[in-house]
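What the coordinates show
Read off the chains here:
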Amino acid sequence: MDKMEMDPLMTASNVYKLLNENDKVRVLEVTFKPNDVAKMHHHPDHVVYALRGGKMRLTSGGKTQEMEIKPGQVMFLDAQDHEATNIGGTTLDLLVMELKQ
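All of these numbers come straight from a predicted model, not from anything done at the bench.

With seven bridges joining them, strand β5 (residues 54-60) and strand β6 (residues 63-69) adopt antiparallel strand pairing. Within β6, the residue paired with G54 across the bridge is I69. Where β5 folds back onto β6 in an antiparallel hairpin, the turn is made up of two residues, including G61, whose phi is positive at roughly 60°. One ladder, built from four bridges, connects β5 with strand β8 (residues 80-86); its direction is antiparallel. Within the sheet, the bridge partner assigned to M56 lies in β8 and is N86.

The subject of this paragraph is the pattern of salt bridges. A full pass over the atoms with the stated rule returns five salt bridges. Across the salt bridge formed by K17 and E29, the nearest N and O atoms sit 3.8 Å from each other. Of this pair, K17 sits in strand β1 (residues 16-21) while E29 sits in strand β2 (residues 25-32), and the two are twelve residues apart along the sequence. For K17, a relative accessible area of 47% corresponds to the partly exposed category. Residue E29 is classed as partly exposed on the basis of its relative accessible area, which comes to 26%. Residues R52 and D93 are paired through a salt bridge, measuring 2.7 Å at the closest nitrogen-oxygen approach. Placement of R52 in strand β4 (residues 46-52) and of D93 in strand β9 (residues 92-99) is noted, with a sequence separation of 41 residues between them. You can call R52 partly exposed: its relative accessible area is 44%. A residue is classified by how much of its surface remains accessible, and D93, at 12% relative accessible area, is buried. Counted as one network, the salt bridges with shared partners bring together D7, R26 and E98.

Y16, F32, M56, I69 and L94 are the most contacted members of the largest nonpolar core, which totals 19 residues. Of all the secondary-structure elements, those providing two or more residues to this core are β2, β4, β5, β6, β7 (74-77) and β9. Not counting the four nearest positions on each side in its chain, L94 is found in contact with L28, E29, V30, F32, V48, Y49, A50, L51, M56 and I69.

How each quantity is defined
Residues numbered from 1 in each chain as written. Predicted model: local features only at pLDDT ≥ 70, side-chain atom pairs only at ≥ 80, totals over all residues. Heavy atoms only, no water. Pairing = 2+ DSSP bridges. Helix = DSSP H or I, 4+ residues; strand = E, 2+ residues; numbered from the N terminus. Salt bridge = Lys/Arg side-chain N within 4 Å of Asp/Glu carboxyl O. Buried < 20%, exposed > 50% of the residue type's maximum accessible area, 1.4 Å probe, protein only. Core = buried A, V, L, I, M, F, W, Y, C linked by side-chain atoms within 4.5 Å. Contact = heavy atoms within 4.5 Å.

The following block contains the structure:
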């Protein structure tokens, strides 16, 4: 699959919504209700800001990692393909800022 087919707005439109885009950055709102899954998708280098925290499982490159995300937490993530699942009992709200080259 190419990167266009792995766009989270296509493969995970159940949780991703476009807020803004220009030639430098794309800003996405992500709302994960309990048990929501964002199927395998691709992000370039990106920054994630947690509006509301929760518990998430990320699967990437055959590895699975569980993370507790706190409200106000900021994370920088290198470009990657991953699947994300809300494994907690609360809605997880994130802003994802994808950096463009």
